[in-house]
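Examination of the molecular architecture
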Amino acid sequence: MKIPKRPTVIIRSCPTYDTAVIEQIIREGLETLDLTPSGRTLVKPNLVAAGEFFPHAHTRPEFGEGVLRALKARGGDAITELAVGERCGITIPTRMAFRDSGFSKMIESLDGIETYYFEESSQVEIPLTHPERLRDYVFTPEPVARADFFVNMPKFKAHPWTTVTFSMKNYIGIQDDRHRLIDHDHRLNEKIADLQFIIQPQFIAIDAITAGEGRMLTPTPRDLGLIIMGNSQVAFDAVCCNIIGVDPLSVDHIRLTSEYGFGSTNIEDIEIVGDVTLAEAQERAQGFEVGLIRVEEYFEGSKITAYAGPPPDEEHSNYCWGGCPGAIEEGIEILRQYDHETDEKMPKMHVVFGNYQGNIDAAPGEKVIFIGDCCQWEGELGGELVQIKSTYTHRAAKDPHKVKHEDIYSKMLKTNTKLARAKKSTHVRLEGCPVSVAEHALALVNLGKLKNPYLDPTQAIAFNKSYLSWRGRTTLNRLMGKKYQQHGSYADRGKAQPVLPDSDE
Ligand code: SF4
(Lines give C-alpha, C1' and ligand atoms only; values in the text may rest on other atoms or scores of the structure.)
Protein backbone atom coordinates (compact mmCIF):
# COMPACT_ATOMS: atom_id res chain seq x y z
CA MET A 1 0.00 0.00 0.00
CA LYS A 2 1.40 3.34 -0.98
CA ILE A 3 1.00 6.23 1.42
CA PRO A 4 -0.28 9.19 -0.62
CA LYS A 5 2.39 11.84 -1.15
CA ARG A 6 -0.07 14.54 -0.28
CA PRO A 7 -2.98 12.95 1.56
CA THR A 8 -6.43 14.46 1.45
CA VAL A 9 -8.85 14.95 4.32
CA ILE A 10 -12.40 16.08 3.55
CA ILE A 11 -14.45 17.87 6.22
CA ARG A 12 -18.17 17.98 5.43
CA SER A 13 -21.11 19.38 7.33
CA CYS A 14 -23.89 16.89 8.14
CA PRO A 15 -26.17 18.00 10.96
CA THR A 16 -28.40 14.90 11.11
CA TYR A 17 -28.33 11.12 10.77
CA ASP A 18 -30.25 11.24 7.50
CA THR A 19 -29.06 8.17 5.57
CA ALA A 20 -29.70 9.72 2.13
CA VAL A 21 -27.66 12.81 3.03
CA ILE A 22 -24.84 10.67 4.48
CA GLU A 23 -24.82 8.48 1.36
CA GLN A 24 -24.54 11.52 -0.89
CA ILE A 25 -21.67 12.99 1.16
CA ILE A 26 -19.78 9.68 1.13
CA ARG A 27 -20.32 9.27 -2.62
CA GLU A 28 -18.88 12.72 -3.19
CA GLY A 29 -15.99 11.88 -0.85
CA LEU A 30 -15.12 8.75 -2.84
CA GLU A 31 -15.24 10.79 -6.06
CA THR A 32 -13.00 13.52 -4.64
CA LEU A 33 -10.47 10.92 -3.52
CA ASP A 34 -10.84 9.09 -6.83
CA LEU A 35 -11.50 5.81 -5.05
CA THR A 36 -13.49 2.90 -6.45
CA PRO A 37 -14.03 -0.07 -4.15
CA SER A 38 -13.33 -3.43 -5.73
CA GLY A 39 -12.86 -7.06 -4.80
CA ARG A 40 -13.45 -7.99 -1.18
CA THR A 41 -14.56 -4.74 0.38
CA LEU A 42 -14.61 -4.77 4.17
CA VAL A 43 -16.05 -2.00 6.36
CA LYS A 44 -14.85 -1.79 9.99
CA PRO A 45 -17.13 0.29 12.24
CA ASN A 46 -16.57 1.00 15.92
CA LEU A 47 -19.20 -1.05 17.78
CA VAL A 48 -17.26 -1.35 21.04
CA ALA A 49 -20.50 -1.25 23.06
CA ALA A 50 -24.12 -0.64 22.14
CA GLY A 51 -27.64 -0.70 23.50
CA GLU A 52 -29.66 1.41 25.90
CA PHE A 53 -26.69 2.27 28.14
CA PHE A 54 -24.14 2.98 25.43
CA PRO A 55 -25.94 5.08 22.81
CA HIS A 56 -22.94 7.26 21.95
CA ALA A 57 -20.15 4.67 22.09
CA HIS A 58 -20.56 3.38 18.54
CA THR A 59 -20.75 4.31 14.88
CA ARG A 60 -24.44 4.85 14.21
CA PRO A 61 -26.23 2.42 11.83
CA GLU A 62 -27.61 5.31 9.75
CA PHE A 63 -23.99 6.31 9.13
CA GLY A 64 -23.07 2.70 8.27
CA GLU A 65 -26.00 2.46 5.88
CA GLY A 66 -24.98 5.66 4.09
CA VAL A 67 -21.40 4.37 3.71
CA LEU A 68 -22.49 0.90 2.50
CA ARG A 69 -24.93 2.35 -0.03
CA ALA A 70 -22.30 4.76 -1.36
CA LEU A 71 -19.66 2.01 -1.66
CA LYS A 72 -22.14 -0.22 -3.50
CA ALA A 73 -23.12 2.54 -5.89
CA ARG A 74 -19.52 3.54 -6.59
CA GLY A 75 -18.05 0.03 -6.85
CA GLY A 76 -20.87 -1.75 -8.66
CA ASP A 77 -19.83 -5.08 -10.14
CA ALA A 78 -16.18 -4.47 -9.24
CA ILE A 79 -17.09 -5.42 -5.66
CA THR A 80 -17.02 -9.20 -5.21
CA GLU A 81 -18.02 -9.07 -1.54
CA LEU A 82 -19.24 -6.17 0.56
CA ALA A 83 -18.96 -6.94 4.26
CA VAL A 84 -19.03 -5.36 7.71
CA GLY A 85 -16.71 -6.82 10.34
CA GLU A 86 -15.91 -5.99 13.94
CA ARG A 87 -14.86 -7.29 17.35
CA CYS A 88 -16.70 -5.28 19.98
CA GLY A 89 -15.57 -4.83 23.60
CA ILE A 90 -14.10 -8.08 24.94
CA THR A 91 -16.27 -10.73 26.64
CA ILE A 92 -19.45 -9.43 24.94
CA PRO A 93 -20.45 -11.42 21.84
CA THR A 94 -20.07 -9.15 18.80
CA ARG A 95 -23.41 -10.53 17.61
CA MET A 96 -24.96 -8.60 20.54
CA ALA A 97 -23.23 -5.37 19.55
CA PHE A 98 -24.47 -5.73 15.96
CA ARG A 99 -27.98 -6.35 17.24
CA ASP A 100 -28.04 -3.65 19.92
CA SER A 101 -26.44 -0.98 17.73
CA GLY A 102 -29.02 -1.52 14.98
CA PHE A 103 -26.34 -2.74 12.55
CA SER A 104 -27.89 -6.22 12.18
CA LYS A 105 -31.26 -4.78 11.20
CA MET A 106 -29.68 -2.25 8.87
CA ILE A 107 -27.54 -4.91 7.16
CA GLU A 108 -30.56 -7.19 6.75
CA SER A 109 -32.43 -4.36 5.07
CA LEU A 110 -29.72 -4.02 2.42
CA ASP A 111 -29.09 -6.68 -0.16
CA GLY A 112 -26.10 -9.00 -0.07
CA ILE A 113 -24.01 -7.57 2.77
CA GLU A 114 -21.87 -10.12 4.61
CA THR A 115 -21.24 -9.86 8.36
CA TYR A 116 -18.08 -10.97 10.15
CA TYR A 117 -17.86 -11.33 13.91
CA PHE A 118 -14.10 -11.28 14.19
CA GLU A 119 -13.86 -13.40 17.34
CA GLU A 120 -15.60 -16.17 15.39
CA SER A 121 -13.27 -15.96 12.37
CA SER A 122 -10.09 -17.94 11.95
CA GLN A 123 -7.02 -15.91 12.78
CA VAL A 124 -4.17 -15.18 10.41
CA GLU A 125 -0.59 -14.62 11.51
CA ILE A 126 1.02 -11.47 10.12
CA PRO A 127 4.79 -11.09 10.49
CA LEU A 128 6.20 -7.74 11.57
CA THR A 129 9.68 -6.67 10.59
CA HIS A 130 10.03 -3.00 11.54
CA PRO A 131 12.81 -2.54 14.09
CA GLU A 132 10.62 -0.92 16.78
CA ARG A 133 8.01 -3.75 16.87
CA LEU A 134 6.81 -5.16 20.18
CA ARG A 135 6.78 -8.70 18.77
CA ASP A 136 7.60 -10.52 15.54
CA TYR A 137 4.05 -11.29 14.52
CA VAL A 138 0.47 -10.43 15.35
CA PHE A 139 -2.82 -12.16 14.63
CA THR A 140 -5.78 -10.69 12.83
CA PRO A 141 -9.08 -12.21 11.64
CA GLU A 142 -8.97 -13.68 8.15
CA PRO A 143 -11.51 -11.23 6.63
CA VAL A 144 -9.18 -8.34 7.53
CA ALA A 145 -6.09 -10.01 6.12
CA ARG A 146 -7.76 -10.88 2.83
CA ALA A 147 -9.58 -7.55 2.25
CA ASP A 148 -8.83 -5.89 -1.09
CA PHE A 149 -10.51 -2.60 -0.19
CA PHE A 150 -10.58 -1.78 3.49
CA VAL A 151 -12.82 0.95 4.85
CA ASN A 152 -12.25 2.25 8.36
CA MET A 153 -15.49 3.69 9.76
CA PRO A 154 -14.81 4.81 13.36
CA LYS A 155 -16.67 7.01 15.82
CA PHE A 156 -15.17 10.36 16.81
CA LYS A 157 -14.50 9.99 20.56
CA ALA A 158 -12.25 10.76 23.48
CA HIS A 159 -10.41 7.85 25.09
CA PRO A 160 -9.25 7.46 28.71
CA TRP A 161 -6.07 5.54 27.79
CA THR A 162 -4.99 7.04 24.47
CA THR A 163 -6.52 10.58 24.62
CA VAL A 164 -8.58 10.02 21.48
CA THR A 165 -10.04 7.19 19.44
CA PHE A 166 -10.26 8.13 15.79
CA SER A 167 -9.03 6.07 12.88
CA MET A 168 -5.91 4.24 14.09
CA LYS A 169 -7.26 3.39 17.54
CA ASN A 170 -10.23 1.68 15.84
CA TYR A 171 -7.77 -1.09 14.92
CA ILE A 172 -7.95 -2.49 18.44
CA GLY A 173 -11.15 -4.14 17.12
CA ILE A 174 -9.28 -6.08 14.41
CA GLN A 175 -8.10 -8.62 16.95
CA ASP A 176 -10.02 -11.23 18.91
CA ASP A 177 -9.98 -11.11 22.73
CA ARG A 178 -6.95 -13.32 23.22
CA HIS A 179 -4.73 -11.28 20.96
CA ARG A 180 -6.23 -7.93 21.86
CA LEU A 181 -5.26 -8.28 25.50
CA ILE A 182 -1.62 -9.03 24.65
CA ASP A 183 0.39 -5.78 25.06
CA HIS A 184 -2.79 -3.94 26.11
CA ASP A 185 -0.75 -2.35 28.89
CA HIS A 186 1.70 0.52 29.27
CA ARG A 187 2.85 -0.18 25.68
CA LEU A 188 -0.67 0.09 24.21
CA ASN A 189 0.22 2.97 21.92
CA GLU A 190 3.07 0.90 20.45
CA LYS A 191 0.66 -2.00 19.96
CA ILE A 192 -1.74 0.24 18.05
CA ALA A 193 1.13 1.50 15.90
CA ASP A 194 2.21 -2.10 15.19
CA LEU A 195 -1.34 -3.03 14.12
CA GLN A 196 -1.03 -0.47 11.32
CA PHE A 197 1.28 -2.90 9.53
CA ILE A 198 -1.55 -5.42 9.11
CA ILE A 199 -3.52 -3.36 6.63
CA GLN A 200 -4.11 0.27 5.73
CA PRO A 201 -7.54 1.52 4.77
CA GLN A 202 -8.04 2.90 1.28
CA PHE A 203 -10.90 4.98 2.66
CA ILE A 204 -11.73 6.36 6.10
CA ALA A 205 -15.06 7.93 7.07
CA ILE A 206 -15.67 8.89 10.69
CA ASP A 207 -19.02 9.43 12.35
CA ALA A 208 -18.54 12.88 13.92
CA ILE A 209 -22.17 13.89 13.57
CA THR A 210 -22.64 13.27 17.28
CA ALA A 211 -19.18 12.81 18.76
CA GLY A 212 -18.31 11.42 22.22
CA GLU A 213 -16.51 13.54 24.83
CA GLY A 214 -14.67 12.52 27.97
CA ARG A 215 -14.83 8.74 27.79
CA MET A 216 -15.10 5.95 25.25
CA LEU A 217 -17.83 3.59 26.51
CA THR A 218 -20.05 6.15 28.16
CA PRO A 219 -19.10 9.43 26.51
CA THR A 220 -21.01 12.67 26.76
CA PRO A 221 -22.64 13.31 23.39
CA ARG A 222 -21.35 16.36 21.56
CA ASP A 223 -23.05 17.45 18.33
CA LEU A 224 -20.31 18.38 15.89
CA GLY A 225 -22.43 17.79 12.78
CA LEU A 226 -19.40 16.58 10.80
CA ILE A 227 -18.43 13.74 8.50
CA ILE A 228 -14.69 13.56 7.95
CA MET A 229 -13.19 11.41 5.20
CA GLY A 230 -9.65 10.66 4.10
CA ASN A 231 -7.21 8.36 2.32
CA SER A 232 -4.37 8.24 4.84
CA GLN A 233 -4.67 7.16 8.44
CA VAL A 234 -1.95 9.42 9.96
CA ALA A 235 -3.12 12.52 8.09
CA PHE A 236 -6.70 11.75 9.01
CA ASP A 237 -6.02 11.41 12.73
CA ALA A 238 -3.80 14.49 12.65
CA VAL A 239 -6.66 16.59 11.25
CA CYS A 240 -9.13 15.16 13.79
CA CYS A 241 -6.68 16.06 16.59
CA ASN A 242 -6.35 19.56 15.21
CA ILE A 243 -10.12 19.94 15.19
CA ILE A 244 -10.26 19.39 18.96
CA GLY A 245 -7.09 21.35 19.70
CA VAL A 246 -4.86 18.37 20.53
CA ASP A 247 -1.31 18.20 19.16
CA PRO A 248 -1.25 14.93 17.16
CA LEU A 249 2.36 14.35 18.21
CA SER A 250 1.21 14.26 21.85
CA VAL A 251 -0.84 11.15 21.02
CA ASP A 252 1.78 8.42 21.05
CA HIS A 253 0.19 5.98 18.61
CA ILE A 254 -0.20 8.75 16.02
CA ARG A 255 3.36 9.99 16.55
CA LEU A 256 4.80 6.47 16.38
CA THR A 257 2.84 5.52 13.25
CA SER A 258 4.08 8.69 11.59
CA GLU A 259 7.66 7.86 12.63
CA TYR A 260 7.23 4.36 11.17
CA GLY A 261 6.70 5.94 7.75
CA PHE A 262 2.91 6.11 7.41
CA GLY A 263 2.84 9.84 6.70
CA SER A 264 3.20 13.28 8.18
CA THR A 265 1.11 14.81 10.94
CA ASN A 266 1.97 18.28 9.70
CA ILE A 267 -1.18 20.08 8.59
CA GLU A 268 0.85 21.87 5.89
CA ASP A 269 1.46 18.47 4.24
CA ILE A 270 -2.26 17.60 4.10
CA GLU A 271 -4.81 18.76 1.55
CA ILE A 272 -7.88 19.75 3.58
CA VAL A 273 -11.02 20.24 1.49
CA GLY A 274 -14.80 20.16 1.98
CA ASP A 275 -17.56 22.59 2.83
CA VAL A 276 -16.27 23.13 6.40
CA THR A 277 -12.85 24.72 6.90
CA LEU A 278 -10.52 23.47 9.61
CA ALA A 279 -11.11 26.74 11.47
CA GLU A 280 -14.90 26.26 11.31
CA ALA A 281 -14.59 22.66 12.50
CA GLN A 282 -12.38 23.86 15.38
CA GLU A 283 -15.04 26.40 16.26
CA ARG A 284 -17.67 23.63 16.48
CA ALA A 285 -15.40 21.50 18.69
CA GLN A 286 -14.23 24.24 21.01
CA GLY A 287 -13.59 22.94 24.55
CA PHE A 288 -13.93 19.28 23.46
CA GLU A 289 -13.07 17.23 26.52
CA VAL A 290 -10.57 14.43 25.99
CA GLY A 291 -10.26 11.47 28.33
CA LEU A 292 -6.73 11.24 29.64
CA ILE A 293 -7.02 11.28 33.44
CA ARG A 294 -4.91 9.45 36.01
CA VAL A 295 -6.79 7.05 38.25
CA GLU A 296 -5.93 8.90 41.49
CA GLU A 297 -7.51 12.07 40.15
CA TYR A 298 -10.44 10.21 38.58
CA PHE A 299 -11.58 8.79 41.94
CA GLU A 300 -10.99 11.97 43.94
CA GLY A 301 -14.08 12.77 46.04
CA SER A 302 -15.49 9.22 45.74
CA LYS A 303 -15.39 6.34 48.22
CA ILE A 304 -12.54 4.79 46.27
CA THR A 305 -9.00 5.99 46.90
CA ALA A 306 -6.54 5.07 44.15
CA TYR A 307 -2.75 4.79 44.30
CA ALA A 308 -0.66 4.23 41.17
CA GLY A 309 3.02 3.46 41.00
CA PRO A 310 4.94 2.93 37.78
CA PRO A 311 4.50 -0.21 35.66
CA PRO A 312 7.51 -2.26 34.49
CA ASP A 313 9.74 -0.67 31.80
CA GLU A 314 9.75 2.65 33.61
CA GLU A 315 11.88 4.06 30.83
CA HIS A 316 8.79 3.96 28.62
CA SER A 317 6.23 5.34 31.01
CA ASN A 318 5.76 6.02 34.71
CA TYR A 319 2.03 5.21 34.47
CA CYS A 320 0.19 2.37 32.79
CA TRP A 321 -2.04 4.31 30.42
CA GLY A 322 -3.13 1.27 28.46
CA GLY A 323 -3.98 -1.17 31.22
CA CYS A 324 -5.50 -1.68 34.65
CA PRO A 325 -5.92 1.92 35.92
CA GLY A 326 -7.97 2.98 32.87
CA ALA A 327 -9.89 -0.29 32.92
CA ILE A 328 -11.27 0.34 36.42
CA GLU A 329 -12.43 3.80 35.32
CA GLU A 330 -14.36 2.29 32.40
CA GLY A 331 -15.63 -0.52 34.66
CA ILE A 332 -17.24 1.82 37.16
CA GLU A 333 -18.66 4.00 34.38
CA ILE A 334 -20.50 0.93 33.06
CA LEU A 335 -21.87 0.12 36.52
CA ARG A 336 -23.10 3.69 36.97
CA GLN A 337 -25.22 3.25 33.84
CA TYR A 338 -26.86 0.11 35.21
CA ASP A 339 -27.15 1.16 38.83
CA HIS A 340 -27.57 4.85 39.61
CA GLU A 341 -26.78 4.19 43.27
CA THR A 342 -23.35 2.76 42.45
CA ASP A 343 -21.39 5.49 44.23
CA GLU A 344 -23.63 5.49 47.32
CA LYS A 345 -23.62 1.69 47.63
CA MET A 346 -19.87 1.36 47.23
CA PRO A 347 -18.05 0.76 50.53
CA LYS A 348 -14.89 2.75 51.17
CA MET A 349 -12.00 0.96 49.52
CA HIS A 350 -8.50 1.43 48.21
CA VAL A 351 -7.19 0.32 44.82
CA VAL A 352 -3.47 0.01 44.14
CA PHE A 353 -1.66 -0.30 40.80
CA GLY A 354 1.95 -0.73 39.72
CA ASN A 355 5.00 -0.49 41.93
CA TYR A 356 3.49 1.74 44.60
CA GLN A 357 5.79 2.59 47.49
CA GLY A 358 3.70 5.09 49.47
CA ASN A 359 1.32 4.89 52.39
CA ILE A 360 -2.16 3.33 52.12
CA ASP A 361 -4.48 5.12 54.44
CA ALA A 362 -6.99 2.31 55.03
CA ALA A 363 -9.22 2.52 58.14
CA PRO A 364 -10.36 -0.77 59.77
CA GLY A 365 -12.88 -2.54 57.53
CA GLU A 366 -11.78 -0.76 54.37
CA LYS A 367 -10.59 -3.30 51.82
CA VAL A 368 -7.40 -2.77 49.85
CA ILE A 369 -7.38 -4.24 46.33
CA PHE A 370 -4.01 -4.76 44.69
CA ILE A 371 -4.66 -4.83 40.96
CA GLY A 372 -2.59 -6.32 38.16
CA ASP A 373 0.40 -8.63 37.89
CA CYS A 374 2.89 -5.78 38.18
CA CYS A 375 1.47 -4.53 41.48
CA GLN A 376 4.01 -4.32 44.34
CA TRP A 377 3.67 -2.95 47.82
CA GLU A 378 4.95 -3.55 51.31
CA GLY A 379 3.52 -2.11 54.49
CA GLU A 380 1.14 -2.62 57.38
CA LEU A 381 -2.58 -3.20 57.00
CA GLY A 382 -4.70 -3.86 60.09
CA GLY A 383 -1.54 -4.15 62.20
CA GLU A 384 -0.03 -6.88 60.00
CA LEU A 385 2.81 -6.77 57.54
CA VAL A 386 1.59 -7.21 53.98
CA GLN A 387 4.01 -7.94 51.12
CA ILE A 388 2.67 -7.86 47.59
CA LYS A 389 5.17 -9.07 45.02
CA SER A 390 5.10 -8.53 41.28
CA THR A 391 4.13 -11.58 39.22
CA TYR A 392 4.53 -9.67 35.97
CA THR A 393 5.61 -11.79 32.99
CA HIS A 394 7.64 -9.96 30.39
CA ARG A 395 5.91 -9.72 27.02
CA ALA A 396 8.74 -11.68 25.36
CA ALA A 397 7.56 -14.73 27.33
CA LYS A 398 3.97 -14.44 26.09
CA ASP A 399 3.37 -16.48 22.96
CA PRO A 400 0.31 -15.35 20.96
CA HIS A 401 -0.02 -18.91 19.60
CA LYS A 402 -0.64 -20.27 23.07
CA VAL A 403 -2.76 -17.54 24.61
CA LYS A 404 -6.12 -18.87 25.78
CA HIS A 405 -9.54 -17.29 25.61
CA GLU A 406 -11.22 -16.64 28.96
CA ASP A 407 -14.94 -16.01 28.77
CA ILE A 408 -17.12 -13.90 31.01
CA TYR A 409 -18.50 -16.83 33.02
CA SER A 410 -15.07 -18.06 33.98
CA LYS A 411 -14.01 -14.48 34.83
CA MET A 412 -17.12 -14.16 37.02
CA LEU A 413 -16.39 -17.42 38.84
CA LYS A 414 -12.72 -16.54 39.31
CA THR A 415 -13.42 -13.02 40.60
CA ASN A 416 -16.23 -14.05 42.96
CA THR A 417 -14.25 -16.99 44.37
CA LYS A 418 -11.24 -14.78 45.01
CA LEU A 419 -13.29 -12.10 46.76
CA ALA A 420 -15.22 -14.67 48.81
CA ARG A 421 -11.95 -16.20 50.04
CA ALA A 422 -10.62 -12.77 50.97
CA LYS A 423 -13.82 -11.70 52.74
CA LYS A 424 -12.19 -11.46 56.15
CA SER A 425 -8.82 -10.28 54.92
CA THR A 426 -7.67 -6.67 54.83
CA HIS A 427 -6.75 -7.02 51.19
CA VAL A 428 -7.15 -8.98 47.98
CA ARG A 429 -5.03 -9.34 44.85
CA LEU A 430 -6.55 -9.35 41.35
CA GLU A 431 -4.22 -10.93 38.81
CA GLY A 432 -3.86 -10.26 35.12
CA CYS A 433 -2.01 -8.04 32.72
CA PRO A 434 -4.25 -6.32 32.09
CA VAL A 435 -7.09 -6.95 34.51
CA SER A 436 -9.87 -6.28 32.03
CA VAL A 437 -12.73 -3.78 32.24
CA ALA A 438 -15.10 -6.72 32.78
CA GLU A 439 -13.08 -8.10 35.72
CA HIS A 440 -12.96 -4.68 37.36
CA ALA A 441 -16.70 -4.30 36.91
CA LEU A 442 -17.31 -7.78 38.38
CA ALA A 443 -15.11 -7.06 41.40
CA LEU A 444 -16.88 -3.76 42.07
CA VAL A 445 -20.29 -5.45 41.68
CA ASN A 446 -19.27 -8.01 44.30
CA LEU A 447 -17.80 -5.49 46.76
CA GLY A 448 -20.58 -2.93 46.38
CA LYS A 449 -23.46 -5.46 46.09
CA LEU A 450 -24.41 -3.73 42.86
CA LYS A 451 -26.61 -4.85 39.98
CA ASN A 452 -24.56 -7.16 37.78
CA PRO A 453 -24.88 -5.95 34.18
CA TYR A 454 -23.92 -9.42 32.92
CA LEU A 455 -26.93 -10.91 34.69
CA ASP A 456 -29.37 -8.18 33.67
CA PRO A 457 -32.63 -10.13 33.03
CA THR A 458 -33.56 -7.89 30.07
CA GLN A 459 -30.32 -8.91 28.34
CA ALA A 460 -29.78 -12.46 29.62
CA ILE A 461 -31.63 -14.39 26.89
CA ALA A 462 -30.10 -12.43 24.01
CA PHE A 463 -26.67 -12.54 25.63
CA ASN A 464 -26.73 -16.30 26.13
CA LYS A 465 -28.08 -16.92 22.63
CA SER A 466 -25.29 -14.84 21.10
CA TYR A 467 -22.73 -16.35 23.47
CA LEU A 468 -23.69 -19.91 22.50
CA SER A 469 -23.59 -19.06 18.78
CA TRP A 470 -20.12 -17.56 19.23
CA ARG A 471 -18.75 -20.48 21.20
CA GLY A 472 -20.42 -22.94 18.81
CA ARG A 473 -18.80 -21.27 15.82
CA THR A 474 -15.32 -21.20 17.38
CA THR A 475 -15.63 -24.86 18.41
CA LEU A 476 -16.59 -25.74 14.84
CA ASN A 477 -13.60 -23.76 13.53
CA ARG A 478 -11.35 -25.67 15.89
CA LEU A 479 -12.77 -29.03 14.78
CA MET A 480 -12.21 -28.01 11.18
CA GLY A 481 -8.64 -27.00 11.99
CA LYS A 482 -9.33 -23.33 11.25
CA LYS A 483 -8.23 -21.84 14.54
CA TYR A 484 -5.10 -20.29 13.14
CA GLN A 485 -3.68 -19.87 9.71
CA GLN A 486 -0.05 -19.22 9.26
CA HIS A 487 1.19 -16.31 7.26
CA GLY A 488 0.17 -17.01 3.70
CA SER A 489 -1.22 -15.43 0.60
CA TYR A 490 -3.91 -13.47 2.46
CA ALA A 491 -1.40 -11.95 4.78
CA ASP A 492 0.90 -11.10 1.90
CA ARG A 493 -1.91 -9.09 0.39
CA GLY A 494 -3.02 -7.55 3.61
CA LYS A 495 0.34 -6.60 5.00
CA ALA A 496 0.80 -2.86 4.88
CA GLN A 497 4.48 -2.16 4.92
CA PRO A 498 4.52 1.56 4.37
CA VAL A 499 5.94 2.67 1.08
CA LEU A 500 7.43 6.11 1.28
CA PRO A 501 5.47 8.56 -0.78
CA ASP A 502 6.54 8.44 -4.37
CA SER A 503 3.22 8.86 -6.02
CA ASP A 504 -0.34 9.77 -5.28
CA GLU A 505 -2.72 6.88 -4.92
S1 SF4 B 1 -0.55 -5.49 35.28
FE2 SF4 B 1 -1.92 -3.83 34.69
S3 SF4 B 1 -0.95 -1.98 35.42
FE4 SF4 B 1 0.63 -3.59 35.37
S5 SF4 B 1 1.59 -3.44 33.35
FE6 SF4 B 1 -0.03 -4.95 33.20
S7 SF4 B 1 -1.79 -3.75 32.45
FE8 SF4 B 1 -0.32 -2.27 33.30
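Above: the structure in question.
The sections below set out a description of the structure shown in this document. (Residues numbered from 1 in each chain as written. Predicted model: local features only at pLDDT ≥ 70, side-chain atom pairs only at ≥ 80, totals over all residues.)

So, the overall build of the chain
Of regular secondary structure, the chain possesses 17 helices and 18 strands. Over its C-alpha atoms the chain spans a radius of gyration of 22 Å, differing by no more than 12% from the 23 Å that the globule rule assigns to 505 residues. Looking at the chain as a whole, 50% of its 505 residues are labelled buried. Contacts in the chain between residues at least 24 apart in sequence constitute 77% of all its contacts with a sequence separation of at least 6. (Helix = DSSP H or I, 4+ residues; strand = E, 2+ residues; numbered from the N terminus. Rg over C-alpha atoms; globule rule 2.2 N^0.38 Å. Buried ≥ 20, exposed ≤ 12 C-beta atoms within 10 Å, placed from the backbone. Contact = placed C-beta atoms within 7 Å.)

Looking at the packing of helix H1 (residues 19–32) against helix H2 (residues 61–75)
When two helices pack together, their arrangement is given by the angle between their axes and by how far apart the axes lie. Between H1 and H2, whose axes approach to 8 Å, the crossing angle comes to 45 degrees. Classified by the angle between their axes, H1 and H2 sit oblique to one another. Crossing geometry of H1 relative to H2 is assigned as right-handed. Contacts from Thr19, Ile22, Glu23, Ile26, Arg27 and Leu30 of H1 reach H2 at Glu62, Phe63, Glu65, Gly66, Val67, Arg69, Ala70, Ala73 and Arg74. Of the residues contributing to the contact of H1 with H2, the split by class is seven nonpolar, two polar and six charged. (Axes fitted to C-alpha atoms, helices over the stretch in contact; angles between N-to-C directions. Parallel < 35°, antiparallel > 145°, perpendicular 65-115°, else oblique. Left-handed = near helix turned anticlockwise from the far one by under 90°. Nonpolar A, V, L, I, M, F, W, Y, C, P; charged D, E, K, R; others polar.)

A short note on the site of the ligand
Not every one of the 13 residues close to the ligand is listed here, only the nearest: Cys320, Gly323, Gly372, Cys374 and Cys433. Looking at the shell around the ligand, the elements with two or more residues in it are strand E14 (349–355) and strand E15 (367–381). No other element matches E15, which puts three residues into the shell around the ligand. Across the shell around the ligand, the residue classes tally to seven nonpolar, four polar and two charged. (Near = placed C-beta within 6 Å.)

Some thoughts on helix H9 (residues 252–262)
For H9, the complete set of buried residues consists of Asp252, His253, Ile254, Thr257, Ser258 and Phe262. Residues of H9 that are buried in the fold lie against helix H7 (188–195) and helix H8 (233–243). Phi turns positive, to about 125 degrees, at Gly263, one or two residues after H9.

A word on the nonpolar core
Judged by nonpolar contacts, the single largest core of 138 residues is most densely connected at Ile228, Val352 and Ile371. Looking at this core element by element, the count peaks at eight residues for H8. In this structure, this core is formed jointly by two domains, domain 1 (8–291 + 485–492) and domain 2 (295–455), each of which donates at least three residues. Among residues more than four places away in sequence, those in contact with Val352 are Tyr307, Ile360, Val368, Ile369, Phe370, Ile371, Cys375 and Trp377. (Core = buried A, V, L, I, M, F, W, Y, C linked by C-beta atoms within 7 Å. Domains from an automatic or database assignment.)

Some remarks on the pairing of strand E10 (residues 203–213)
Burial analysis of E10 places 11 of its 11 residues in the buried class, the great majority of the element. Sheet topology note: the strand E7 (residues 149–153)/E10 ladder contains two bridges and is parallel. Looking across to E10, one finds that Val151 is bridged to Phe203. The sheet contact formed by E10 and strand E11 (residues 220–230) spans nine bridges and is antiparallel. Paired with Gly212 across the bridge in E11 is Pro221. Following E10, the chain reverses through six residues before pairing antiparallel with E11; Gly214 in that reversal takes a positive phi of roughly 85 degrees. (Pairing = 2+ DSSP bridges.)

Quick word on the environment of Leu335
Position of Leu335 relative to the elements: it lies in helix H12 (residues 324–338). The exposure class assigned to Leu335 is buried, which follows from the 23 C-beta atoms found within 10 Å. Residues within four places of Leu335 in sequence aside, it is in contact with Thr342, Ala441, Leu444, Val445, Leu450 and Pro453.

Some remarks on unusual backbone geometry
Backbone geometry follows two general trends: most residues other than glycine have a negative phi, and most peptide bonds adopt the trans configuration. Following Cys433, the chain continues to Pro434 via a peptide bond in cis, the omega torsion being 5 degrees. Mapped onto the fold, Pro434 is located in the loop between strand E17 (427–430) and helix H15 (437–448). If you check the backbone angles, Asp34 has positive phi at about 55 degrees while not being a glycine. At Lys449, a residue that is not glycine, the phi angle is positive and equals roughly 50 degrees. Mapped onto the elements of the fold, Lys449 is located in the loop between H15 and helix H16 (457–479). The class for Lys449 is exposed, based on 11 C-beta atoms found within 10 Å.

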